[in-house]
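What follows is the residue order along each chain.
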Amino acid sequence: MSKFFYKGGSMKKPEHSSAGFSVNNTVRLGTKKAPAAITVKSEERKVELNWVGEVEVKADQEENLRDLEILESQKDTAAAVTTKQANRNDPCPCGSGKKYKKCCAA
């Protein structure tokens, strides 16, 4: 509520999404939160893939290389670069919920 008495309802806080920054972080495939699920039929195929992450060997299941194909296609694309800088009173783009001046600008 405001310090000053006035007729009318209480003042609403502005929404941070109006500043143009997305505060919710997205989960990337191949990280600890969203590991790539790769399944092959034999140990020879596992060695042939030469993948650093976890690869399961299950002879009774069909090969599942969809996540591997997605990650390999992402290597070819360049990372997006944003040119918009946060102003001092905007929410911080790191996702902490604090203002930029009290978080990453300090």
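Residues numbered from 1 in each chain as written. Predicted model: local features only at pLDDT ≥ 70, side-chain atom pairs only at ≥ 80, totals over all residues. Heavy atoms only, no water.

(A) Representation of the overall build of the protein in the model. Within the protein, the secondary structure is distributed over 2 helices and 2 strands. Scanning the protein from its N terminus toward the C terminus, one meets helices and strands in the order β-α-β-α. Within the protein, the fraction of its 106 residues that count as buried is 15%. Element-wise, carbon and sulfur atoms account for 51% of the exposed surface of the protein, whose accessible area totals about 9400 Å². (Helix = DSSP H or I, 4+ residues; strand = E, 2+ residues; numbered from the N terminus. Buried < 20%, exposed > 50% of the residue type's maximum accessible area, 1.4 Å probe, protein only. Areas by Shrake-Rupley, 256 points an atom, 1.4 Å probe, with all protein chains shown as cover.)

(B) Representation of the nonpolar core within the structure. Membership of the largest hydrophobic core is limited to 8 residues, which are A36, I38, V40, L49, V55, L65, L68 and L71. Residue assignment for this core shows that the elements contributing at least two residues are β1 (38-40) and α2 (66-76). Non-local contacts of L65, meaning those with residues more than four positions away in its chain, are made with I38, T39, V40, R45 and L49. (Core = buried A, V, L, I, M, F, W, Y, C linked by side-chain atoms within 4.5 Å. Contact = heavy atoms within 4.5 Å.)

(C) Molecular detail of the layout of surface pockets. Taken as a whole, the second largest pocket holds about 200 Å³ of empty space. Forming the boundary of the second largest pocket are G30, P35, A36, A37, I38, W51, G53, E54, V55, E56 and L71. Grouping the amino acids of the lining of the second largest pocket by side-chain chemistry returns 7 nonpolar, 2 polar and 2 charged. (1 Å grid on protein atoms, 1.4 Å probe; cavity = no way out; pocket = protein on both sides within 12 Å on 5 of 7 lines; lining within 4 Å. Points joined across faces, edges and corners; volume = space filled by probe spheres on them. Nonpolar A, V, L, I, M, F, W, Y, C, P; charged D, E, K, R; others polar.)

(D) A look at the confidence of the model for the protein. This prediction gives the protein a mean pLDDT of 76; 69% of its residues lie at or above 70. At the low end of the mean pLDDT range in the protein sits α2, at 79; at the high end sits β1, at 86. (pLDDT = per-residue confidence, 0-100.)

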